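# Per-entry structural report
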Amino acid sequence: TIDPRPITVTADDQQKTYGNADPALTWQVTDGNLVGDDSLTGDVTRAAGDDVGSYDISPADLDNGNYMITAIDGELTIDPRPITVTADDQQKTYGNADPTLTWQVTDGNLVGDDNLAGGLNREAGDDVGNYDISAADLKNGNYMITAVDGELTIDPRPITVTADDQQKTYGDADPALTWQVTDGNLVGDDTLAGDLNREASDDVGNYAISPVDLENGNYMITAVDGELTIDPRPITVTADDQQKTYGNADPTLTWQVTDGNLVGNDNLAGDLNREAGDDVGNYDISAADLENGNYMITAVDGMLTIDPRPITVTANDKEKEQGEPDPTLTFSTGCGSLTESCGLVLGDELAGNLSRQPGEDAGNYNINQGDVDENRNPNYAIDFMSGELAIAAVPIPEPEPEPEPEPEPEPEPEPEPEPEPEPEPEPEPEPEPEPEPEPEPEPEPEPEPEPEPGPEPEPEPEPEPEPEPEPEPEPEPEPEPEPEPEPEPEPEPESESESEPEPEPEPEPEPEPEPEPEPEPEPEPEPGPEPEPEPEPEPEPEPEPEPEPEPEPEPEPEPEPEPEPEPEPEPKSESKLDVGSKVSGVINQTLQDVSTSAQEEQMGQVNEFTEEDTLPSGIEIIDRGINTDLDDDEGDD
């Protein structure tokens, strides 16, 4: 009997990596042996499975009838497949949701449809920054995983922040400076740190408001400037009403802010201006030129009121004799009881003329205001004080005709007006010229009539016909022209008042014919005979019958109706001497009329004679002289 040959067959252990193909399964006769070229039929098999693990390899299916086989299993080991898994880097914007976290097998590979279980995890945090993404939690039993972290980058969130435009009035506090996100958005309750800043200045204008100092690390901020507009401050400025008296300097022009207010120590530049004019009235005061660039000014005009200037007008007392023309009525000005802002303004003169109570009889007559009033002088508030015109009766020296045979003493009848000095007490105006301080120096020239014989030659050349030397005695009244300097203050009636009383002293110089022979030698040979013709006026009394009608017209230029009756009785009693005295009076009056045109203007009375006029008793005015042509029945000259 041939028994089977006992042998032990052992399957070889094998190993592979998961996912790889199985290795060839082999066996070995580990006890006994095969004879010759014997072999075993059949296959070695392994336990089913592909996952990582150990699987039996069985040789039990090997056989050969000649052998009694003892089969010993081997082992197939499947090892995990090594792979490297790397989490993908990710990026997002602050405030956005996380992106999906992904991974890659960056070394090795997954088998078939295999996948890894588990998820990626990132480092906690939502602010801008970099955060790890971990793949460590990925797993699969068939793999030996090497995990490589990725990175999540959170970028700043882009936004545009614009400062809000603001507005305020000059002088007010700044409004709160605010901003808006005009592009993008803030996340959740996020806000921006920092403050807005504006360009420095407080004057009217436009100033940038900058948001560049606003910040938040999670945002990329684009800052857009706003604008603060400072508007002019509205105020109303009113010029203060002012008042002054005519002739005074303007008061200081001032103004007030009557609506609104000035800020701090602010002031307005420029000046107030007033409407031109210095007469009594109302004049606008304009505040339109006041300015300050930080203010919107509404200007309201004020008013300057110029009030009339108080003045006291006092009529100067006057005097005259019956039959003489009225003296010029003059007045003095002053302040009365006032001490300031009164009286006549330098350079002014009052318009108008005084009037007097009518009448030519001897007596006292009121000198009235006439039209020297506020209608003619609207710049003055006039307080008028009346004066008095004293008319003295003319003394009638009837017995004095005896000197008629005395031809030469006729110069003496010229002193006959010496009774006229009786009106000399009429210097009553001298007390009246309260402003006499001014005229007081003027009476000083009264001694000047003595040197006046010097000007006497002036009329002498005028009467080229030497028989007219009569003007030589006439210069005695020529002291009247001495007031001609006085008419310079004539605008001030005070001077007029003084100039008029001077004619009264004219009779006083009349007795001066005695010194007159002194100037007579000056004309050298001619003066000697000249005094001789002086008696020529002696025959003048002869035509006394003629003056009887003629004296009547003399008063007529004055109050025509009244003087006519007065002179009518007078001529009846007139003597030759009376005619002589009238002649001298006429001469004096004529010389006054022939005085400077300035004095004529001051004369309110019409006492003019033309060269062609013939005065009573045949007296003619000729070229600043008087020619007497006294015709009588006898034909004496």
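For the structure, check the block above.
Throughout what follows, the structure given in this document is the object of discussion. Residue positions are given per chain, counted from 1 along the sequence in the order it is written. Thresholds applied to this predicted model are a pLDDT of at least 70 for local features of residues and 80 or more for the giving and counting of side-chain atom pairs; totals over whole chains, interfaces and linings are not thresholded and use all residues. Heavy atoms from the whole structure form the basis of all side-chain values; hydrogens and water molecules are not counted.

## Regarding the overall build of the chain
Runs of H or I in DSSP of at least four residues are treated as helices and runs of E of at least two as strands, each being numbered from the N terminus. A count of helical and extended segments in the chain gives four helices and 38 strands. Only protein chains enter the accessibility calculation, which uses a 1.4 Å probe. A residue is then buried if its area is under 20% of the maximum for its type, exposed if over 50%, and partly exposed in between. Taking all 637 residues of the chain together, the buried fraction comes to 41%. Long-range pairs, those at least 24 residues apart, make up 62% of the contacts in the chain between residues at least 6 apart in sequence. The accessible surface values rely on the Shrake-Rupley method and a 1.4 Å probe; as for residues, cover is taken only from the protein chains in view. Only carbon and sulfur atoms are counted for the fraction: they give 45% of the accessible area of the chain, which is about 32400 Å². In what follows, residue pairs with any heavy atoms lying within 4.5 Å of each other are defined as contacts.

## A word on the state of the cysteines
The criterion for a disulfide is a pair of cysteine sulfur atoms lying within 2.5 Å. Taken as a whole and judged by the stated rule, the model has one disulfide. For Cys 335, the disulfide goes to Cys 342, at an S-S distance of 2.1 Å. Here the S-S torsion is close to 100°, and the disulfide linking Cys 335 with Cys 342 is therefore right-handed. Among the residues examined, Cys 335 registers a relative accessible area of 25% and is labelled partly exposed.

## Thoughts on the pattern of salt bridges
Here, a salt bridge means any Lys or Arg side-chain nitrogen found within 4 Å of an Asp or Glu carboxyl oxygen. On inspection of all chains with the given rule, the structure shows 18 salt bridges. Here Lys 244 and Asp 250 are joined by a salt bridge, their closest N and O atoms 2.8 Å apart. Put simply, Lys 16, Asp 22, Arg 46 and Asp 50 are held in one network by salt bridges that share partners.

## Concerning the packing of aromatic side chains
Side-chain rings of Phe, Tyr and Trp, where Trp is taken by its six-membered ring, are said to pair if the distance between their centres is within 6.5 Å; with planes under 30 degrees apart they count as stacked, over 60 as edge-to-face, and otherwise as tilted. Taken as a whole and judged by the stated rule, the model has four aromatic pairs. Centroid distance Tyr 170 to Tyr 295: 5.4 Å. Interplanar angle 75°. Geometry classified as edge-to-face. Here the residue Tyr 170 occupies a position in the loop between strand 16 (166–169) and strand 17 (179–183), and Tyr 295 occupies one in strand 27 (residues 295–300), the gap between them amounting to 125 residues. For Tyr 295, a relative accessible area of 6% translates into the label buried. Between Tyr 246 and Tyr 380 the ring centres are 5.4 Å apart and the planes differ by 75°, which places this aromatic pair in the edge-to-face class. Note that Tyr 246 is positioned in the loop between strand 23 (242–245) and strand 24 (255–259) and Tyr 380 in strand 34 (residues 380–385), a separation of 134 residues in sequence.

## Here we look at the sheet that holds strand 31 (residues 331–334)
If DSSP finds at least two bridges between two strands, the strands pair. Taking strand neighbours across the sheet as the criterion, the three strands line up as 31-29-34 in an open arrangement whose pairing is mixed. Pairing within the sheet leaves two strands with one partner each, and these edge strands are strand 31 and strand 34. Adjacent strand axes in the sheet meet at a mean angle of 30°, parallel and antiparallel pairs treated alike. Direction of pairing for strand 29 (residues 309–315) relative to strand 34: parallel, over a ladder of six bridges. Interaxial angles span 0 to 180 degrees and are taken between N-to-C directions of axes, which are lines fitted to C-alpha atoms, for helices over the stretch in contact.

## Observations regarding the environment of Val 394
Along the polypeptide, Val 394 turns up in the loop between strand 35 (387–392) and helix 1 (493–499). On the accessibility criterion, Val 394 (33% relative accessible area) is partly exposed. Here the alpha-carbon distance between Val 394 and Gly 323, two residues 71 residues apart in the chain, equals 8.1 Å. Once you skip the residues sitting within four places of it in the chain, Val 394 turns out to touch Glu 321 and Gln 322.

## Things to note about the nonpolar core
With 67 residues, the main nonpolar core has Val 313, Leu 350, Leu 354 and Tyr 380 as its most contacted residues. Those residues in contact with Leu 350, other than ones at most four positions away along the chain, are Ile 311, Val 313, Phe 331, Thr 333, Leu 344, Val 372, Asn 377 and Tyr 380. Buried Ala, Val, Leu, Ile, Met, Phe, Trp, Tyr and Cys residues that are joined via side-chain atoms within 4.5 Å together make up what is termed a nonpolar core.

## Focus on unusual backbone geometry
Although it is not a glycine, Ser 201 sits at a positive phi angle of roughly 155°. Positionally, Ser 201 belongs in the loop between strand 18 (197–198) and strand 19 (205–210). A positive phi angle, close to 55°, is found at Ser 341, a residue other than glycine. Along the chain, the position of Ser 341 falls in the loop between strand 31 and strand 32 (355–356).

## A few points about the sheet that holds strand 13 (residues 143–148)
On the basis of which strands lie adjacent, the open sheet formed by three strands has the order 10-8-13 and mixed pairing. Two strands close off the open sheet at either side, each with one partner strand: strand 10 (103–107) and strand 13. Adjacent strand axes in the sheet meet at a mean angle of 35° when their direction is disregarded. Across four bridges, the pairing between strand 8 (residues 81–87) and strand 10 is antiparallel. Along strand 10, the bridge assignment pairs Thr 84 with Asp 107.

## Notes on a negative patch on the surface
Patch building starts from residues that exceed 30% relative accessible area and form no salt bridge, then joins like charges within 9 Å and nonpolar side chains (Val, Leu, Ile, Met, Phe, Trp, Tyr) within 5 Å. Counting rule for charge: Lys and Arg are taken as positive, Asp and Glu as negative, and neither His nor the chain ends is counted. Where a charge lies is defined by one atom per residue type, namely NZ (Lys), CZ (Arg), CG (Asp) and CD (Glu). On the surface, a cluster of negative charge is contributed by Asp 89, Glu 123, Asp 132, Asp 149 and Glu 151. Looking at where Glu 123 falls in the secondary structure, it is placed in the loop between strand 11 (121–122) and strand 12 (129–134). Look at Glu 123 and you get partly exposed, because its relative accessible area is 40%.

## Concerning the side chain of Thr 162
By the element assignment, Thr 162 lies in strand 15 (residues 157–163). Judged by its relative accessible area of 19%, Thr 162 falls in the buried class. Each polar contact in these results corresponds to two N or O atoms within 3.5 Å; when the atoms are within protein, one needs to be able to donate a hydrogen and the other to accept it, and residues that are neighboring in sequence are counted only if both atoms are side-chain atoms. Here the side chain of Thr 162 touches Thr 182 through a polar contact of 2.9 Å, side chain to side chain.

## Re the pairing of strand 1 (residues 5–11)
Burial within strand 1 is extensive, with five of its seven residues counted as buried. Relative to strand 6 (residues 67–72), strand 1 runs parallel, the two being bridged by six bridges. Paired with Val 9 across the two strands is Ala 71, which belongs to strand 6. Summarising the sheet, strand 1 and strand 3 (residues 27–31) pair through four bridges and their orientation is antiparallel. Bridge pairing in strand 3 links Thr 10 to Gln 28.

## What to know about the pairing of strand 14 (residues 150–155)
Regular strands place side chains that alternate from one sheet face to the opposite one. Looking at chain direction, strand 9 (residues 90–93) and strand 14 are connected through four bridges and run parallel. What sits directly across from Gln 90, in strand 14, is Leu 152. The sheet contact formed by strand 12 and strand 14 spans five bridges and is antiparallel. In the strand pairing of strand 14, Ile 133 is matched with Gly 150.

## Describing the environment of Glu 388
Following the sequence through the fold, Glu 388 ends up in strand 35. Those residues in contact with Glu 388 that sit more than four places away from it in its chain are Asp 317, Lys 318, Asn 364, Tyr 365 and Ile 367.

## Examining the environment of Arg 356
As for its position among the elements, Arg 356 is in strand 32. Look at Arg 356 and you get buried, because its relative accessible area is 13%. For the pair Arg 356 and Ser 386, spaced 30 residues apart in sequence, the C-alpha to C-alpha distance is 9.4 Å. At 2.9 Å, the side chain of Arg 356 forms a polar contact with the backbone oxygen of Gly 359. Among the polar contacts listed, one links the side chain of Arg 356 to the side chain of Glu 360, at a separation of 2.5 Å.

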